[in-house]
2 protein chains.
Amino acid sequence: MEIKRLTPEKEQGLVVVITGNGKGKTTSAMGMALRAAGHEMKVCIIQFMKGDLYSGEWDGVTHLGKYVELFHTGKGFCGIEGNPYPHSEHRKNAQEAIDLVKSKLASNAFDLIILDEINNALALNLVDLEQVKEILSLRPDRLHMILTGRDAHSDIIDMADTVSEVREIKHAYRKGIVPQPGVDY
Amino acid sequence: MEIKRLTPEKEQGLVVVITGNGKGKTTSAMGMALRAAGHEMKVCIIQFMKGDLYSGEWDGVTHLGKYVELFHTGKGFCGIEGNPYPHSEHRKNAQEAIDLVKSKLASNAFDLIILDEINNALALNLVDLEQVKEILSLRPDRLHMILTGRDAHSDIIDMADTVSEVREIKHAYRKGIVPQPGVDY
């Protein structure tokens, strides 16, 4: 079978927001990184609020070698039970991540930048709406940007080209199944 | 920062369904493949109804080398305008894909099997409900299985552990932006 390849008449950077309370937001962004690597595009992933809990994509993307760079920043989820860090420290970490995003934007080295959990970071006041808007305004036309995390701000949804809401219909943890490697992290 | 690693007290295969009309179903499954490769798990992806239109994940997964095998089967989307193949030919292809799934199941070589667009194939009568149920019943306890595609059957949702519905809030194509490599395919 001969493979057909679409070539868009006009290449255009998209802003994609993946939000909602279901499983599959970060996961979907990782899938786009994999797909982009297949197209030999350069991808930068900056994870907000990820902390020190290992997730499979950290090693997964190393297999994507020269195409994908991933930075996990933060001290884990802010505001959930058991997280020992004060809000000020979460905010400081998220602010450093914002600086990282700006430097990666300025490098002009990427075709796709993924801002993982930034919607969450905004909802929790770790970053400011004006900062996220500024980042979107600095985006060159050809650059794709994906913003994940629940509770996306309506102004960000307005600025996006494609927005998906991942709704939880059911989740294994509700029947007591602990998180499983490969699927859940 | 020292990295903490979760190790589930009990490893348990999950059935995950990703359905709905929004962008991010196949993409999410590809993200789980990437994540699983990071955990050095073996992944088999069988795509139903994909046809000959290139998608970035076909090359993307080659970077995941020994961890991921991907098979794209089918003759493109059935029932959409411009697709020249009769239903019988789509069904024949999907039936071959079912046989492939069964042989991969029997090989016992995988930790995660992704059945991409199988929900769709079932809704379009290219495969039968009993066939999908049989595949789920053949799944060993430790094996994860992910079923993607819109219009997931309620019986399959009942049998799943985790189900997400990806809802379209907006999509770039509705304002006339053609599909873009890396993000849309």
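Relevant structure appears above.
Draft legend 1. Looking closely at the relation of the copies chain B and chain A. Screw-axis analysis of chain B against chain A gives a translation of 0.0 Å along the axis, an RMSD of 0.0 Å, and a rotation angle of 180°. These values place the two chain copies in the arrangement generated by a two-fold rotation axis. By residue overlap, the copies meet face to face through one surface: 100% of the interface positions of chain B are interface positions in chain A.

Draft legend 2. Spotlight on the interface of chain B and chain A. Tallying the contact residues gives 74 residues for chain B and 74 residues for chain A. Between chain B and chain A, roughly 6600 Å² of surface is buried when both sides are summed, and carbon and sulfur atoms account for 61% of that area. Together, Arg35, Asp52 and Lys170 of chain B form the three largest contributors to the area buried by chain B at its contact with chain A, with a combined 12%. On inspection of chain B and its partner chain A, the count reaches eight salt bridges. Between Asp52 of chain B and Lys4 of chain A there is a salt bridge, with its nearest N and O atoms 3.4 Å apart. On the surface where chain B and chain A come into contact, there are 41 residue pairs in polar contact (both at pLDDT 80 or more). Listing elements by their share of the side of chain B that touches chain A, those giving two or more residues are strand S1 (15–19), helix H1 (25–38), helix H2 (57–60), helix H6 (154–159) and strand S6 (162–170) of chain B. Here the side of chain B that touches chain A gets 11 residues from one element, more than from any other, and that element is H1 of chain B. Here the side of chain B that touches chain A is built from residues that sort into 32 nonpolar, 23 polar and 19 charged.

Draft legend 3. Expanded view of the pairing of S1 of chain B. All names here are of chain B. When you tally the buried positions in S1, you get five out of five residues, the bulk of the element. Where burial is concerned, the two faces of S1 agree: the one with Val15, Val17 and Thr19 and the one with Val16 and Ile18 are both buried. Bridge count between S1 and strand S5 (residues 144–148): four bridges; the pairing is parallel. Paired with Val17 across the strands is Leu147, a residue of S5. Pairing of S1 with S6 involves four bridges; the strand directions are parallel. Bridging from a neighbouring strand, Val17 pairs with Val163 of S6.

Draft legend 4. Spatial organisation of empty space enclosed by the protein. Residues and elements named next belong to chain B. Here the structure, examined in full by the defined rule, presents one cavity of 30 Å³ or more. Space inside the largest cavity adds up to approximately 40 Å³. Taken together, Phe48, Met49, Thr73, Gly74, Lys75, His90, Asn93, Ala94 and Leu126 make up the full set of residues lining the largest cavity. A per-class count over the lining of the largest cavity returns four nonpolar, four polar and one charged.

Draft legend 5. The arrangement of unusual backbone geometry in detail. Phi is positive for Asn125 of chain A, which is not a glycine, with a value near 65°. On the secondary structure map, Asn125 of chain A appears in the loop between helix H4 (118–123) and helix H5 (129–138). Located in the positive-phi region is Glu40 of chain B, a residue other than glycine, with phi close to 60°. Locating Glu40 of chain B in the fold gives a position in the loop between H1 and strand S2 (43–47).

Draft legend 6. Region of interest: the packing of helix H1 (residues 25–38) of chain A against H1 of chain B. Close contact between H1 of chain A and H1 of chain B brings their axes to 6 Å; oriented N to C, the two are set at 80°. Comparing the axis directions of H1 of chain A and H1 of chain B gives the class roughly perpendicular. Here Thr26, Thr27, Ser28, Met30, Gly31, Met32, Leu34 and Arg35 of chain A of H1 of chain A come into contact with H1 of chain B, specifically with Thr26, Thr27, Ser28, Met30, Gly31, Met32, Leu34 and Arg35 of chain B. Split by residue class, the contact of H1 of chain A with H1 of chain B holds six nonpolar, eight polar and two charged.

Draft legend 7. Expanded view of the side chain of Thr73 of chain B. One can find Thr73 of chain B in the loop between strand S3 (68–72) and helix H3 (87–107). Reaching out from Thr73 of chain B, the side chain makes a polar contact with the backbone oxygen of Gln47 of chain B at a distance of 2.7 Å.

Draft legend 8. Region of interest: the nonpolar core. Ranked by size, the top nonpolar core spans 54 residues in total, and within it Ile45 of chain A together with Ile45 of chain B carry the most contacts. If we ignore the near neighbours within four places in the chain, the residues touching Ile45 of chain A are Met30, Ala33, Val61, Val68, Glu69, Leu70, Phe71 and Ile114 of chain A.

Cut-offs used in this document
- Here the residue numbering is sequential within each chain, running from 1 through the sequence in written order.
- In the order they appear in the text, chains get letters beginning with A and ligands get numbers beginning with 1.
- Local features are withheld for residues below a pLDDT of 70 in this predicted model, meaning they are given only at 70 or higher, and side-chain atom pairs are given and counted only at 80 or more; totals for whole chains, interfaces and linings count all residues.
- The side-chain figures draw on all heavy atoms in the structure; neither hydrogens nor water molecules are used.
- Least squares is the method used to superpose the copies, on C-alpha atoms of residues holding a pLDDT of at least 70 in both.
- Only heavy atoms matter for contacts: two residues are in contact if any of them lie within 4.5 Å across the pair.
- Here the buried area means the combined drop in accessible surface, using a 1.4 Å probe, for two parts upon being joined, counting both sides.
- Within this document, salt bridges are pairs made up of a side-chain nitrogen of Lys or Arg and a carboxyl oxygen of Asp or Glu, the two lying within 4 Å of each other.
- Counting of polar contacts relies on pairs of N or O atoms within 3.5 Å, with two restrictions inside protein: one atom must be capable of donating a hydrogen and the other of accepting it, and residues adjacent in sequence are counted only when both atoms are side-chain atoms.
- The helix count covers DSSP runs of H or I at least four residues long, the strand count covers runs of E at least two residues long, and both are numbered beginning at the N terminus.
- When residues are grouped by polarity, Ala, Val, Leu, Ile, Met, Phe, Trp, Tyr, Cys and Pro land in nonpolar, Asp, Glu, Lys and Arg in charged, and all others, Gly among them, in polar.
- Summary of the burial criterion: residues with accessible area below 20% of their type's maximum are buried, those above 50% are exposed, and those between are partly exposed, where the area comes from a 1.4 Å probe applied to protein chains only.
- One requirement defines pairing of two strands: DSSP has to find at least two bridges between them.
- Here the term cavity refers to a set of points on a 1 Å grid, laid over the protein atoms alone, in which a 1.4 Å probe fits but cannot get out; the term pocket refers to an open set having protein on both sides within 12 Å along at least five of seven lines, with lining residues being those that place an atom within 4 Å of a point.
- Grid points are joined across faces, edges and corners, and a volume is the space filled by probe spheres set on the points.
- For helices, the fitted line uses only the C-alpha atoms of the stretch in contact; every axis is such a line through C-alpha atoms, and the angle between N-to-C directions lies from 0 to 180 degrees.
- In what follows, roughly perpendicular refers to angles from 65 to 115 degrees, roughly parallel to angles under 35, roughly antiparallel to angles over 145, and oblique to any angle outside these ranges.
- We define a nonpolar core as any set of buried Ala, Val, Leu, Ile, Met, Phe, Trp, Tyr and Cys residues linked to one another through side-chain atoms lying within 4.5 Å.

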